[in-house]
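Residues per chain are reported as follows:
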Amino acid sequence: MKKIILIVSLISLVTTNSFSQVKWGASVGINMSNVSMSEADWVTLSETKNRIGGIRFGISTEIPLSYSTTFNTGMIYSEKGHSIEVDYSNTGLGKLELKFKGHYLEIPLNISYKISNLISVNAGPFIGVFVGGTLDINDSDGEFLFTEEFDAELGLSLGTKFRITDVISANAGYQIGFGEDEVYDTNILFGITYFFNG
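So, here's what we can say about the structure. (Residues numbered from 1 in each chain as written. Predicted model: local features only at pLDDT ≥ 70, side-chain atom pairs only at ≥ 80, totals over all residues. Heavy atoms only, no water.)

This brings us to the packing of aromatic side chains. In total, this model carries 4 aromatic pairs according to the counting rule given. When the centroid spacing of 5.5 Å and the interplanar angle of 65° are considered together, the rings of Y104 and F130 count as edge-to-face. Of this pair, Y104 sits in strand β5 (residues 95–108) while F130 is found in strand β7 (residues 119–137), placing the two residues 26 residues apart along the sequence. Both residues of the pair, Y104 and F130, belong to the buried class. (Phe/Tyr/Trp six-rings, centres within 6.5 Å; stacked < 30°, edge-to-face > 60°. Helix = DSSP H or I, 4+ residues; strand = E, 2+ residues; numbered from the N terminus. Buried < 20%, exposed > 50% of the residue type's maximum accessible area, 1.4 Å probe, protein only.)

As structure tokens, then:
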């Protein structure tokens, strides 16, 4: 009986200590996103792709794996899209500008490595679930609002984090989303995270 009590006590102690080391926080930031596609998609046209801005915010979690590594995840609302200007001059139709902005729920799955007490680097996949968006065409009467079935995309992210205080950190990163038909979403992001239990 004493052995059982001791084992239960040890398990409770380890579980409590592990949970107490998990950090929870709120993140907010901006995106600068674009799209990359194969030349074959626009072989007969001249086009220019431009980055557009968007916001990102949500809950971030850091789970320690060792002294220098952590597993970073959470749930982030993220606005991403792109603006494409297509030149139809060779067909006599002039120019057409299309601006797409999508709304996503992202789940990052990153491993972070601490270089020093102030700086860490991270990398890993993310899952982005598309929940809706808008398409604005410059020669139309207005925006097209549309939604699709919940469509998840898989991507890769790389980034770095700078600890400002024990509870506040700043981060920057780069994302690439793997779409269909050789279309890739790219995104440069900046953000601030406040940890409630830092």
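What follows concerns the environment of F71. Within the secondary structure, F71 sits in strand β4 (residues 69–87). A residue is classified by how much of its surface remains accessible, and F71, at 24% relative accessible area, is partly exposed.

Should the charged atoms of two oppositely charged side chains come close, the side chains can pair. In total, this model carries 5 salt bridges according to the counting rule given. Across the pair R56 and E106 runs a salt bridge, and its minimum N-O distance is 3.8 Å. Of this pair, R56 sits in strand β3 (residues 52–64) while E106 sits in strand β5, placing them 50 residues apart in sequence. Linked through salt bridges whose partners overlap, the residues forming this network are R56, K80 and E106. (Salt bridge = Lys/Arg side-chain N within 4 Å of Asp/Glu carboxyl O.)

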